[in-house]
Amino acid sequence: MVTVNRNYLKLQGSYLFSNIAGKVNAYQEVNPENKIIRLGIGDVTQPLAPSIIEALHKAVEEMAHAETFHGYAPDLGYEFLRNTIAENDYRERGCEIMPDEIFISDGAKSDSGNIQEIFGTDNKVAVCDPVYPVYVDTNVMAGRSGEYNTSRENFDGMIYMPCREENGFLPEFPKEIPDLIYLCFPNNPTGSAITKEQLQRWVDYANKNGSVIIYDAAYEAYISRKEVPHSIYECKGAQTCAIELRSFSKNAGFTGVRLGFTVVPKALERDGVSLHSLWARRHGTKFNGAPYIVQRAGEAVYSPQGKAELKDQIAYYMRNAGVIREGLKAAGYSVSGGVDAPYIWMKTPQSMSSWEFFDYLLEKANVVGTPGSGFGAQGEGYFRLTAFGTYENTLEAIDRIGKL
Ligand SMILES: Cc1ncc(COP(=O)(O)O)c(C=O)c1O
């Protein structure tokens, strides 16, 4: 008899974005004349930069001729891209990461979901709360949790590290020592960032306890403060305890193009086994390479022209972040984030729940954001706004909220 993976039955419905869409559509139907501004969007909106488009066109043309055609890409990625990444993202920042420690993929969502496969199912997993849901759900699917606990609104058997105003939206070392620790900085959804000194403490903790940190740096391009590291490998000893996930989605607008990479240092071993060799085996068996065309586009991200264009693109979004952050502060709201990240995390006023505030903003200001409770129990009482809209809409949205 066929049985199914019953761990999937523990998962909770992912209703957050469909609930939001349902409420927005219902409101718009009754009020068709009202212009709704969406600041809940987690996707980029600016078009690909010219140098990336040029690289894409060139690579497409190469595919049209037998002499320059490319079939299957190497499982682990083309050397031209891995060399470029090693040089620009790591060596230039003083991190000794070699090209063969970099695994090219189709994005950080798949890597952050798949990486748990190389670990035993008896590992204890720690996540921040609120959290990017992929880390939790993929571990639940793999059987590393108990049932969903409806009173605590999270899974039994997982370690949740609350990130709230009291601790500057940073996790504290949990009472029980975890095996796998997921950290994401700059953070989605809170927009908080971690300094090198603070991250060093996590690296030391992981090395001391034999834990592995899975470090999601998908938003590193938005970092503005010098004391905030772009990579965990800027910390001493990270090569023996950390795996890093990177994405081209938010630094270069590749959400629809798809490209990312994972770094697994060769020095990282657990249980007497090299994690690099396990991930290489997993990647080689289950992944057939990111497209040549896309990897050439990824290479263009690091060209002098590409870097200049993308700096402007990030500055465009971060100008929006400034408008939201300062505008809300001036209107008397308690806000954080938006300095090293495109996310602004605001406290709901007058003890409204996250969803009550969602309804209030939709009805009174025609502005859409994301209820913090959708990212975890500790997100209750908070609300996420993003800097990915247009400048004009962002200005108008904040003006409307300010007048409430
Ligand atoms: C924290 C975090 N990691 C990973 C991703 C996914 O990135 P990608 O588009 O590379 O799959 C996102 C996307 O929103 C994210 O917020």
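These figures come from a predicted structure and were not determined experimentally. (Residues numbered from 1 in each chain as written. Predicted model: local features only at pLDDT ≥ 70, side-chain atom pairs only at ≥ 80, totals over all residues.)

Draft legend 1. Broad picture of the site of the ligand. Looking at the ligand, there are 14 residues lining it, with Gly107, Ala108, Lys109, Ser247 and Ser249 nearest. It is helix H4 (residues 108–114) that provides the largest number of residues to the shell around the ligand, a total of three residues. A class-by-class count of the residues in the shell around the ligand yields four nonpolar, eight polar and two charged. (Near = placed C-beta within 6 Å. Helix = DSSP H or I, 4+ residues; strand = E, 2+ residues; numbered from the N terminus. Nonpolar A, V, L, I, M, F, W, Y, C, P; charged D, E, K, R; others polar.)

Draft legend 2. Highlighting the nonpolar core. Val127 and Ile213 are the most contacted members of the largest nonpolar core, which totals 116 residues. The element best represented in this core is helix H10 (residues 304–330), accounting for seven residues. There are two domains that each give this core at least three residues, and those are domain 1 (9–47 + 305–402) and domain 2 (52–303). Val127 has contacts with Tyr135, Val136, Met158, Tyr160, Met161 and Tyr182, leaving out every residue within four places of it along the chain. (Core = buried A, V, L, I, M, F, W, Y, C linked by C-beta atoms within 7 Å. Buried ≥ 20, exposed ≤ 12 C-beta atoms within 10 Å, placed from the backbone. Domains from an automatic or database assignment. Contact = placed C-beta atoms within 7 Å.)

Draft legend 3. Here's a closer look at the sheet that holds strand E14 (residues 343–347). Strand order across the open sheet formed by four strands is E13-E14-E17-E16, with antiparallel pairing between neighbours. Each having just a single partner strand, strand E13 (335–337) and strand E16 (370–371) make up the two edges of the open sheet. The pairing of E16 with strand E17 (residues 382–386) spans two bridges and is classified as antiparallel. Residue pairing across strands places Pro371 opposite Phe383, the latter belonging to E17. The strands touched by H10 are E13, E14 and E17; relative to E14, the strand with the most contacts, the crossing angle is about 15°. (Pairing = 2+ DSSP bridges. Axes fitted to C-alpha atoms, helices over the stretch in contact; angles between N-to-C directions.)

Draft legend 4. Quick peek at helix H12 (residues 391–402). In this model, H12 (twelve residues) spans 16 Å end to end at C-alpha, consistent with the 16 Å of a helix rising 1.5 Å per residue. Those residues of H12 that fall on the buried side of the exposure criterion are Thr394, Ala397, Ile398 and Ile401. Down the axis of H12, the sector holding all buried residues measures 95°, keeping them to one side. On the buried face of H12, the contacting elements are strand E1 (37–38), H10, helix H11 (354–365) and strand E15 (367–368). (Expected span 1.5 Å × (residues − 1). Arc of directions from axis to C-beta.)

Draft legend 5. Layout of the packing of helix H2 (residues 50–62) against H10. Orientation of H2 relative to H10, taken along the N-to-C sense of each, is 135°, at an axis distance of 8 Å. Classed by the angle they form, the pair H2 and H10 counts as oblique. Judged by residue contacts, Pro50, Ser51 and Ile52 of H2 engage Gln305, Gly306 and Glu309 from H10. Its residues placed into classes, the contact of H2 with H10 shows two nonpolar, three polar and one charged. (Parallel < 35°, antiparallel > 145°, perpendicular 65-115°, else oblique.)

Draft legend 6. Summary view of the pairing of strand E2 (residues 102–105). Residues Ile102 and Ile104 of E2 are buried on one face, and the alternating residues Phe103 and Ser105, pointing to the opposite face, are buried as well. Here four bridges tie E2 to strand E10 (residues 260–263), and the two strands are oriented antiparallel to one another. The partner of Ile102 across the bridge, within E10, is Val263.

Draft legend 7. Looking closely at the domain arrangement of the protein chain. Each assigned domain of the protein chain is listed with its residue range as follows: domain 1 (9–47 + 305–402) and domain 2 (52–303). Relative to domain 2, the C-alpha centre of domain 1 lies at a distance of 25 Å. Between domain 1 and domain 2, the residue contacts involve 30 residues of the former and 40 residues of the latter. Those elements giving two or more residues to the side of domain 1 that touches domain 2 turn out to be H10, E13 and E14. Looking at the side of domain 1 that touches domain 2, the element that brings in the most residues is H10, giving seven residues.

Draft legend 8. Examining H11 more closely. In this model H11 runs 16 Å from its N-terminal to its C-terminal C-alpha over twelve residues, within 8% of the 16 Å that 1.5 Å per residue would give. Among the residues of H11, those classed as buried are Ser354, Phe357, Phe358, Leu361, Leu362 and Ala365. Projected onto a plane normal to the axis of H11, the buried residues spread over an arc of 135° and lie on a single side. For H11, the secondary structure elements touched by its buried residues are helix H1 (16–30), E15, E16, E17 and H12.

Draft legend 9. The arrangement of unusual backbone geometry in detail. Of the consecutive residues Asp129 and Pro130, the connecting peptide bond is found in the cis state with omega at 5°. Counting through the fold element by element, Pro130 comes out in the loop between strand E3 (125–129) and helix H5 (134–141). In the Ramachandran plot, Phe169 falls in the positive-phi region, its phi being about 60° despite a non-glycine side chain. Along the polypeptide, Phe169 turns up in the loop between strand E6 (159–162) and strand E7 (180–184). Of note in the backbone geometry, Ser351 takes a positive phi value of approximately 55° without being a glycine.

Draft legend 10. Layout of the sheet that holds strand E9 (residues 242–247). Strand order in the open sheet formed by seven strands is E2-E10-E9-E8-E7-E3-E6, with mixed pairing between adjacent strands. The sheet is open, and its two edges are formed by E2 and E6, each paired on a single side. If you compare each strand with its neighbour and ignore which way they point, the axes differ by 20° on average. Sheet contacts for helix H6 (residues 196–209): E7, strand E8 (212–216) and E9; angle to E8, the most-contacted strand, approximately 150°.

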